[in-house]
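Chains, contacts and geometry: an overview
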Amino acid sequence: MGVKTVLFLIVVTDGFKKFETASQLCSYVGITPTIRASGTSVRGRSRISKVGNKKLRNLLFLCAFSACKHNKAYREIYERLVAKGKSKKLALIAVANKLLKQAFAIAKSGLPYDENLVSRIA
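What comes next is a walk through the structure.

What counts as what
Residues numbered from 1 in each chain as written. Predicted model: local features only at pLDDT ≥ 70, side-chain atom pairs only at ≥ 80, totals over all residues. Heavy atoms only, no water. Helix = DSSP H or I, 4+ residues; strand = E, 2+ residues; numbered from the N terminus. Buried < 20%, exposed > 50% of the residue type's maximum accessible area, 1.4 Å probe, protein only. Contact = heavy atoms within 4.5 Å. Areas by Shrake-Rupley, 256 points an atom, 1.4 Å probe, with all protein chains shown as cover. Axes fitted to C-alpha atoms, helices over the stretch in contact; angles between N-to-C directions. Parallel < 35°, antiparallel > 145°, perpendicular 65-115°, else oblique. Left-handed = near helix turned anticlockwise from the far one by under 90°. Arc of directions from axis to C-beta. Core = buried A, V, L, I, M, F, W, Y, C linked by side-chain atoms within 4.5 Å. Polar contact = N/O pair within 3.5 Å; in protein donor to acceptor, adjacent residues only side chain to side chain.

Summing up its helical and strand segments, the protein has 5 helices and 4 strands in all. The N-to-C order of helical and strand elements in the protein reads α-α-β-β-β-β-α-α-α. Across the 122 residues that make up the protein, the buried fraction comes to 30%. Summarising the internal contacts of the protein: among those between residues at least 6 apart in sequence, 55% fall at separations of at least 24. Element-wise, carbon and sulfur atoms account for 57% of the exposed surface of the protein, whose accessible area totals about 8,700 Å².

So this is what it looks like as structure tokens:
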């Protein structure tokens, strides 16, 4: 993520103090998937909610482009999703979601970024 994006993210979230979980932050930004359905007969495609901070969502989307181009881990996520048949836009949104969750985890833990760190949850 760029310095301007990180600073904007810190200002908008009040230093990540407004949110207890990363999923709350993702919902605030508006990059969480929303299922469109009505009863049993009407089923729409899942889309992002777009209810949230439009500027931050756009910045994260642009950061996802850059991450896919320059970061091996994010490029692998993107390519894996596209290989599964997902659209390129959906894959970029997944990368943006991952970037946001990672930024939240780094800010909350206080530890510096380590590209070799493996999550204990996974």
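The next subject is the packing of helix α1 (residues 3-12) against helix α3 (residues 54-70). Following both chains from N to C, one finds α1 and α3 inclined at 150°, their axes separated by 11 Å at the closest point. In this view, α1 runs roughly antiparallel relative to α3, as classed from their interaxial angle. Seen from above, α1 lies across α3 with left-handed handedness. Judged by residue contacts, Thr5, Phe8, Leu9 and Val12 of α1 engage Lys55, Leu56, Leu59 and Cys63 from α3.

Buried within helix α2 (residues 22-29) we find Ala22, Leu25, Cys26 and Val29. The buried residues of α2 all sit within an arc of 100° when viewed along its axis, so they share a single face. Among the residues trailing α2, Gly30 stands out with phi positive, at a value near 95°.

Turning next to the nonpolar core. One recurring pattern in soluble globular proteins: nonpolar side chains tend to sit buried together. Within the largest apolar cluster, 27 residues are counted, with the highest numbers of intra-cluster contacts made by Leu25, Val29, Leu60, Val95, Leu99 and Leu100. Secondary-structure elements contributing two or more residues to this core are α1, α2, α3, α4 (72-83) and α5 (88-109). At 8 residues, the largest contribution of residues to this core is made by α5.

Let's shift gears to the environment of Lys108. Mapped onto the elements of the fold, Lys108 is located in helix α5. On the basis of relative accessibility, which here comes to 45%, the residue Lys108 falls in the partly exposed class. Residues Lys108 and Thr21, 87 residues apart in the sequence, show an inter-C-alpha distance of 9.5 Å. What Lys108 contacts, discounting residues up to four positions off in sequence, is Phe16, Lys17 and Phe19. A polar atom in the side chain of Lys108 sits 3.1 Å from the backbone oxygen of Phe16.

Worth remembering: the numbers are spatial, not functional.
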